[in-house]
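Given next are the chains, with one letter for each unit.
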Amino acid sequence: DGGITQSPKYLFRKEGQNVTLSCEQNLNHDAMYWYRQDPGQGLRLIYYSQIVNDFQKGDIAEGYSVSREKKESFPLTVTSAQKNPTAFYLCASSITSGVETQYFGPGTRLLVL
Amino acid sequence: EDQVTQSPEALRLQEGESSSLNCSYTVSGLRGLFWYRQDPGKGPEFLFTLYSAGEEKEKERLKATLTKKESFLHITAPKPEDSATYLCAVQAKGGSYIPTFGRGTSLIVHP
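Read on for a plain summary of the structure. Because the structure is a prediction, the values reported are computed rather than measured.

1. Points about the sheet that holds strand β6 (residues 56-59) of chain B
Residues and elements named next belong to chain B.
Link 1 in the chain: Spatial strand order, β1-β3-β8-β7-β6: 5 strands in an open sheet with antiparallel pairing. Looking along the sheet, the strands with just one partner apiece sit at the ends: β1 (3-7) and β6. Within the sheet, the average angular offset between the axes of one strand and its neighbour, ignoring direction, is 15 degrees.
Link 2 in the chain: When strand β7 (residues 62-66) meets strand β8 (residues 70-75), the two strands line up antiparallel, connected through 5 bridges. Each bridged residue has a counterpart across the sheet, and for Leu62 the counterpart in β8 is Ile75.

2. Describing the sheet that holds strand β7 (residues 64-66) of chain A
Residues and elements named next belong to chain A.
Link 1 in the chain: Ordered in space as β1-β3-β8-β7, the 4 strands form an open sheet in which the pairing is antiparallel. Only two strands of the sheet have a single neighbouring strand rather than two, namely β1 (4-7) and β7. Taking each pair of neighbouring strands and ignoring which way they run, the sheet shows an average axis angle of 20 degrees.

3. Here's the deal with the pairing of β7(B)
Residues and elements named next belong to chain B.
Link 1 in the chain: Counted residue by residue, β7 has 4 buried out of 5 residues, so it is predominantly covered.
Link 2 in the chain: The sheet contact formed by β6 and β7 spans 4 bridges and is antiparallel. From the neighbouring strand, Glu58 faces β7, where its bridge partner is Lys63.
Link 3 in the chain: Counting the residues that bridge the hairpin from β6 to β7 gives 2 residues, and of these Glu60 lies at a positive phi of roughly 55 degrees.

4. What to know about the nonpolar core
Residue and element names in this part refer to chain B.
Link 1 in the chain: Leu33, Trp35, Leu73 and Tyr86 are the most contacted members of the largest nonpolar core, which has 25 residues in total.
Link 2 in the chain: Of all elements in the fold, only β2 (10-14), β3 (19-26), β4 (30-38), β5 (45-50), β7, β8, β9 (84-92) and β11 (105-110) reach the threshold of two or more residues within this core.
Link 3 in the chain: Sort the elements by how many residues they give to this core and β9 lands first, with 5 residues.

What counts, and where the lines are drawn
Residues numbered from 1 in each chain as written. Chains lettered and ligands numbered in written order. Predicted model: local features only at pLDDT ≥ 70, side-chain atom pairs only at ≥ 80, totals over all residues. Heavy atoms only, no water. Pairing = 2+ DSSP bridges. Helix = DSSP H or I, 4+ residues; strand = E, 2+ residues; numbered from the N terminus. Axes fitted to C-alpha atoms, helices over the stretch in contact; angles between N-to-C directions. Buried < 20%, exposed > 50% of the residue type's maximum accessible area, 1.4 Å probe, protein only. Core = buried A, V, L, I, M, F, W, Y, C linked by side-chain atoms within 4.5 Å.

Printed below as a string of structure tokens:
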């Protein structure tokens, strides 16, 4: 089955620690995205990538970093500089840019110890 | 700046009680409008894409419509399993193709 997988489902971060969220897709999509979702708020874009080895900052990139070394993978690192990381993180992909539907993974909930 | 406003924030219905969710948008030019369903603790699930005013799409008890300023998601004779948060997003012509999302409408259908 084609789709997007995210791991882990739950992640706990200690103060000062960097943590990495995994996102893998086997849909052969070129574009991938990371969103943050907080209660009562819309999805906010962290980073996106249209092609391997290239990515752009979204609206709330501070305290986060990404890489896109393979078409299938787009990991997100939440650094210690992100002072309020508790949220639900969603990865998405689309075939390309343009009017392309985004398909979402199941999400990772990050909690701070 | 593109804006998307969804109303109401929350809606409680009795099973079988039809209603509509609203998505009002402001964009310089609409490329596409998307509806998603999101269950608690899960990722959004794609429902519909609408491209131009007057367009309608249906799936089971759901029907999405589009005008130049807003979209409606009509739910006919809802069932408890329709309970979820419904998200609307718009994609503008020109510039970034990244969609702008609304905050969603939380729907609860009571048996």
